[in-house]
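# What the coordinates show
Chain residues, written in single-letter form:
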Amino acid sequence: MPQRVLIASTSALLAGRLAARCLASADGAEVVLLCAAGSRPGAIAPEREELAAFVARSARASAPSGAADGADRLTVVCAEPDAVAVELKAWTADEVWCLVPGWDRAPVRGARVEAALTGTVLAALPGLGARGYVHVGPDPAADGEPDGPVRRTYRDLERLAVEACLDGGVGWRVLRTPPVVDASAPVLGECPPGAHRLLWALHSVRCEVEDREPDWFERHPLRVADADGRGLVLLPAERAAGELWRAGAPGELPDGFATVASPAPVALSDVLARAGAVHGIDVRAVPDREGFSAADRLLDLRLEDVRRHAVPLVDPAASAPGRVPATRSAESRAATPTASTGAIPPATATPARPASAPARSASAAPAPAITVTTPEPDVAPPTQPARPTPDAEAPPPDRATPPPVGGASPSPTPHPALSAAAQWDLFGSVRAYQAVAGRTTGTSDRREAALRRRSVEVAGRPLVLYEAGAGDGPPLVVLNALGQGPGFLSRLCARLAPHHRVVTWQVRGTERDEPPWRTEDQLDDVEAVLDAAGAGRAHLIGWCTGAKVATAFQRRRPDAVASLVFLNATFRQNGRWDGMDTKYEADLAAVCRALDRGPHKAARMLGLLAPGAAGGKGNPGSLDAGVLGVLSRALTDEVRRPFRDAEVLVRYARQLVDLWRLDSAAQAPRVTVPALFVCSEFDGISSPARAREAARCFPNARYAELAVAGHYAPHDRPALVAELITEFVRAPDEVADLLRYAELTWHIDTEGTAR
């Protein structure tokens, strides 16, 4: 009777490739693929049909010529993380795989999600009736973190897996794999560390720049520092999946630990040159960062994660095919003393398999080209007596059975580095997908939500609502800036919609046929929007002037506000001269006061303000933003909406003067809900310094600043801003620890003190 193999994973890419290998094997196994990749904000998991088609294609490529793809033996389940336990109750399996490769862009968040998945799968083992369990985690030599909580989490998961299997009488293998490369990664919504993060960095910088000046790269190169002497491991996902399957497939392999062998690294400078050429960018490796432009800085920040996962090149020829950098042997690792008193010492023999564990046939499961290692001191299972390996048919000459854990292992056959031609093909395929998607997230956005428009009557006049997404929790209610249309926020709302219900509206009071609409009227509109959305409670997101309106509404209806998010907020107030105004704020204030007193001057003042050019320089002493300080072409009409004629300008000016009378700082100490401030280094419109000072007034606030970003960051970097909002809503007290990126600086903690 064919065996059933259940594969649970946070990575649709690696799990899909592994499922294809299982289907292509000769034993006709049934495969249940359980994908829980929808847990990462901004990374949209593939749909079930899409993932099934990917596995079928991969199986056809792996199977012998003329063999079926095994699609009739595949079941794909895509579940949210909190629904995995329910899904597992519907299945039984002979062998269970849990793949937690540690590829989340935010390592702390990823470790938590993958720990939850591992615990759920291990708890379900008795009900599944499994006789074998294979745990696949990250290779600690490739995670770029010498010793920290993330690495300890994955080592603890290995310990947990081994102990659960020993207690339950289940055969086990613990495998480790470096990050992989695969042309299908972006199609499946994944961006593993290494080359994929490099390609994402180039693509995202290119999108931000060309959104402003399409021909900028024809005249300017991008410069990258710290590339010399480093290399990237380019391990094809198909090869990694093949070795994992041969290492963990049902057979007579002993229980123990093993690591997929890495190919020789490719020099980072070579990868940058090829990836840049594919993207049409002149990328130059330079010795230092002197004279970096803002675009250079942005790329440099986004490559920080790539450099962290790069490996040192042993010599200039280390990236040549067939050359492998020197590594510690299994014997030297086994001889390493325990790190601290009480640590479990390394095992010296293969742990005994309980009598109920299944037999493994050596001939059915040839040894892969992997490195068999001892477990690290802090994660080794309790030492068990050695068990003699039953006699089995000798494997073919080209197959070598790995030795027991703790024994001396022969050097695995080294993989050559990925050839230059294969790199061109891979980078070109990823670039082709990026060009079609036209996005900067590095993940699949094919399900980007369109805002649904509807009109409701409020105060005897129509109020236009825009909605997207769905969900049972409190919705995200987005308060736009005064005088602006929804175009500023469409990208942000589209990236929030897969995880939340999002509601925004057309702010009233500047159109010619509308009556004067002051701050109290804006608060009435917020209340009406909540009623129209059927929401008794909501998370309020205020952009620019919307931040002051959101704060005032929280004081009016504290029971209706779950949290506050302020994006590039302005907390300017009349009569308070703190010296923190940007030049644009000072000019705008002077114009608005003059128009409030003398509206007849509006026609002459229309040309005094050019908000599209603001933002070229940010905080005092900061570098010039250069091309990143130029307004996105998509926002040209939106920015000039309040300045299109004299009458509209007067209405807009009076709205601002009325709003500036509001003392948000006095209200802030009584705001007890969590608050998140997201501002930008190069915001030349709303003062980041004043926003940072305002954040100190809120009892439970955090302040995050985006490097090399301007006032319109929710439009320019919607994926990152949406990720910040989503994680803040999920865990407001932990967001600063969950999300730590090189382009993101956290300044304020929960006590309101500077970090």
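Anything mentioned here points back to the structure above.
Predicted model only: the values in this text are computed from it and were never measured.

Right, let's talk about the overall build of the protein for a bit. The helix and strand tally for the protein stands at 24 helices and 22 strands. Within the protein, the proportion of its 755 residues that are buried is 58%.

To continue, consider the pairing of strand 18 (residues 538-543). Judged by how many residues are buried, strand 18 sits mostly within the fold: 6 of 6 residues are covered. Burial of the side chains of strand 18 extends over both faces: Ala538, Leu540 and Gly542 are buried on one face and His539, Ile541 and Trp543 on the other. Inspection of the sheet shows strand 16 (residues 476-479) paired to strand 18 by 4 bridges, in the parallel sense. The residue of strand 18 that forms the bridge with Leu476 is His539. As defined by bridge partners, strand 18 adjoins strand 19 (residues 561-567) across 6 bridges and the pair is classed as parallel. Bridged to His539 within strand 19 is Ser563.

This structure, assessed with the given rule, holds 9 cavities of 30 Å³ or more. The computed volume of the second largest cavity comes to approximately 250 Å³. Along its surface, the second largest cavity is lined by 22 residues, and Cys544, Tyr584, Leu588, Tyr652 and Ile685 are the ones closest to its centre. When contributions to the lining of the second largest cavity are tallied by element, the ones reaching two or more residues are helix 16 (583-597) and helix 19 (646-660). Its residues assigned to classes, the lining of the second largest cavity comprises 15 nonpolar, 5 polar and 2 charged.

This next bit is on the side chain of Ser11. Along the chain, Ser11 falls in the loop between strand 1 (4-9) and helix 1 (12-24). Ser11 sits in the buried class, given a relative accessible area of 2%. The contacts of Ser11, once residues within four sequence positions are left out, are Pro101, Trp103 and Glu190.

Right, let's get into the sheet that holds strand 12 (residues 311-312). Spatial ordering of the open sheet is given by 10-8-12, a layout of 3 strands whose pairing is antiparallel. In this open sheet, the two strands that pair with only one neighbour each are strand 10 (266-267) and strand 12. Examined bridge by bridge, strand 8 (residues 230-232) and strand 12 share 2 bridges and lie antiparallel to one another. What sits directly across from Gly231, in strand 12, is Val311.

Using a probe with the size of a water molecule, rolled over the atoms, empty space left in the structure can be pinpointed. The calculated volume of the second largest pocket comes to roughly 650 Å³. Residue lining of the second largest pocket: 38 residues in total, with Arg105, Pro107, Asp305, Arg308 and His309 positioned closest to the centre. At the level of secondary structure, the elements contributing two or more residues to the lining of the second largest pocket comprise helix 4 (107-128), helix 5 (149-168), helix 6 (195-210), helix 9 (294-302), helix 10 (304-309) and helix 24 (735-738). Across the lining of the second largest pocket, the residue classes tally to 20 nonpolar, 5 polar and 13 charged.

Now for unusual backbone geometry. Unusually for a residue other than glycine, Asn568 sits at a positive phi of about 45°. The residue Asn568 is located in the loop between strand 19 and helix 16 in this model. Asn568 sits in the buried class, given a relative accessible area of 2%.

Looking now at the pattern of salt bridges. A complete count under the given rule lists 52 salt bridges for this structure. One salt bridge connects Arg4 with Glu30, and the closest N-O pair in it is separated by 3.2 Å. Separated by 26 residues along the polypeptide, Arg4 in strand 1 and Glu30 in strand 2 (residues 30-35) bring together distant segments of the chain. Across the salt bridge formed by Glu693 and Arg696, the nearest N and O atoms sit 3.4 Å from each other. With relative accessibility at 37%, the residue Glu693 sits in the partly exposed group. Through salt bridges with shared partners, a single network forms among Asp104, Arg105, Arg109, Glu208, Arg302, Arg717, Glu723, Glu727 and Glu743.

To continue, consider the nonpolar core. Core analysis: the largest hydrophobic core is formed by 102 residues, its most contacted members being Leu564, Phe566, Phe677, Phe698 and Ile725. Sort the elements by how many residues they give to this core and helix 19 lands first, with 8 residues. Excluding anything up to four places from it in sequence, Phe566 contacts Gly542, Ala547, Ala550, Thr551, Phe571, Ala675, Leu676, Phe677, Val678 and Phe698. Formed by 44 residues, the second largest nonpolar core is a distinct cluster that contains Ala195, Trp200, Leu202 and Val271.

Moving on: the environment of Tyr712. Turning to its location among the elements, Tyr712 is positioned in the loop between strand 21 (701-706) and helix 22 (713-716). Owing to a relative accessible area of 9%, Tyr712 belongs among the buried residues under this scheme. Measuring from C-alpha to C-alpha, the distance between Tyr712 and Asn568 comes to 7.8 Å, with 144 residues separating the pair along the chain.

Conventions we followed
Residues numbered from 1 in each chain as written. Predicted model: local features only at pLDDT ≥ 70, side-chain atom pairs only at ≥ 80, totals over all residues. Heavy atoms only, no water. Helix = DSSP H or I, 4+ residues; strand = E, 2+ residues; numbered from the N terminus. Buried < 20%, exposed > 50% of the residue type's maximum accessible area, 1.4 Å probe, protein only. Pairing = 2+ DSSP bridges. 1 Å grid on protein atoms, 1.4 Å probe; cavity = no way out; pocket = protein on both sides within 12 Å on 5 of 7 lines; lining within 4 Å. Points joined across faces, edges and corners; volume = space filled by probe spheres on them. Nonpolar A, V, L, I, M, F, W, Y, C, P; charged D, E, K, R; others polar. Contact = heavy atoms within 4.5 Å. Salt bridge = Lys/Arg side-chain N within 4 Å of Asp/Glu carboxyl O. Core = buried A, V, L, I, M, F, W, Y, C linked by side-chain atoms within 4.5 Å.

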